[in-house]
Amino acid sequence: MKKLFKLIMTIAIIGILCNSRLWGWGLDYYTIGDGTHRTSFAIITDIHGCSDRLQSVVNWINANHTAYKIQFVLTLGDYCAEHYSTIKPILDGLDVPYGPLIGNHEIDQWYQEKEFNDYFENQINSVFRSYFPTYYARGPCYVWNPETSEYDYFQNYTFDIKGDYPYPYRYHFVCLDFCSRRHRTDGDADLHNFTSGTTSWFLGHLNNYLSAHPELKGKDRVILASHHPPTKASFNPFSSTWWYSLV
């Protein structure tokens, strides 16, 4: 019997490759499940200060979010800190809520991760949260990092999207900060598997969440988002050992 739910992830990509060739922007579509299309969300990533291209993407989303049933946007980092004053007002112009994630270019220097937190804390804690109050959780932010012997600003949070009768669904989104503070300028990833760090917080949170919602276990209803995708691909800064420790 067909599932009555289809989640379409509409991905608007703005980016610069490692060799500095400009991608431009376009749309890719990924589908989860089968059956009737009920909701979707958009991802904007690697803006790198390209405000004109970002404005084009925002305009497209604003013009098409009803037709494509785009419920929200996740921005996956690499805004480039010197452009916050230009980039954030454009993102604030979205007609749907957006949740900002941190990227490696937001942590090149310690003051830059603090600046990210100063610019986007209210968006994460208040504005975005107000749209998705169901099981919203924020991980510890200002955390002692034994890997660097300093306090760092970690950006981890979760939220649920839900649909009601006649097509009920529930998905749990976990936004994670794997940006390395040990190798700030290398674009590397780290698990941050220490007290209140990303991985230890995530595993504890997920255990508590699935204990409260056992009906979601084994049903691919938890979606992870981060600037560094936790995959085994050769180009990715995640090692296979790290990947297996997560899955």
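## A word on the pattern of salt bridges
Turning to step 1, where the next piece is worked out: One pass over the structure, following the stated rule, counts seven salt bridges.
Turning to step 2, where the next piece is worked out: The closest approach of N and O atoms between Asp118 and Lys114, which form a salt bridge, is 3.0 Å. In this pair, Asp118 and Lys114 are both assigned in helix α3 (residues 110-131), four residues apart and thus about one turn of the helix distant.
Turning to step 3, where the next piece is worked out: On the basis of relative accessibility, which here comes to 30%, the residue Lys114 falls in the partly exposed class.
Turning to step 4, where the next piece is worked out: One salt bridge in this structure joins Glu147 and Arg182, with 4.0 Å as the shortest N-O distance. Taken together, the residues span a long stretch of sequence, with Glu147 in the loop between β7 (142-145) and β8 (150-153) and Arg182 in the loop between β10 (169-176) and α4 (198-212) at a distance of 35 residues.
Turning to step 5, where the next piece is worked out: A residue is classified by how much of its surface remains accessible, and Arg182, at 41% relative accessible area, is partly exposed.
Turning to step 6, where the next piece is worked out: Here the salt bridges do not stand alone but share partners, grouping Glu113, Asp177 and Arg181 into one network.

## Brief notes about the packing of aromatic side chains
Turning to step 1, where the next piece is worked out: For the structure shown, the criterion picks out 26 aromatic pairs.
Turning to step 2, where the next piece is worked out: Considering the side-chain rings of Phe128 and Phe132, the 5.1 Å spacing of their centres and the 50° angle between planes classify their relative orientation as tilted.
Turning to step 3, where the next piece is worked out: Residue class for Phe132 comes out buried when judged on its relative accessible area of 4%.
Turning to step 4, where the next piece is worked out: Arranged with centres 6.3 Å apart and planes meeting at 75°, the rings of Phe128 and Tyr157 form a pair that is edge-to-face. Of this pair, Phe128 sits in helix α3 while Tyr157 sits in strand β9 (residues 157-163); the two residues are 29 residues apart in sequence, bridging distant segments of the chain.
Turning to step 5, where the next piece is worked out: Judged by relative accessible area, Tyr157 falls into the buried class, the value being 1%.
Turning to step 6, where the next piece is worked out: By the ring-pair criterion, three or more aromatic residues cluster together here, those being Phe41, Phe72, Phe128, Phe132, Tyr136, Tyr157, Phe159 and Phe173.

About the cut-offs
Throughout, a residue's number is its position along its own chain's written sequence, starting from 1. Note on the predicted model: pLDDT of at least 70 is required for a residue's local features to be given, and 80 or more for side-chain atom pairs to be given and counted; whole-chain, interface and lining totals, by contrast, use all residues. The basis for the side-chain values is all heavy atoms of the structure; hydrogens and waters are excluded. Salt bridge criterion: a side-chain nitrogen from Lys or Arg within 4 Å of a carboxyl oxygen from Asp or Glu. Helix and strand labels come from DSSP, where a helix needs a run of H or I of at least four residues and a strand needs a run of E of at least two; each type is numbered from the N terminus. Burial classes follow relative accessibility: with a 1.4 Å probe on protein chains only, a residue under 20% of its type's maximum area counts as buried, one over 50% as exposed, and anything between as partly exposed. Ring pairs are drawn from Phe, Tyr and Trp, using the six-membered ring of Trp, whenever the two centres fall within 6.5 Å, and their geometry is named by plane angle: stacked under 30 degrees, edge-to-face over 60, tilted for the rest.

Keep in mind that these numbers describe shape and distance, not what the molecule does.
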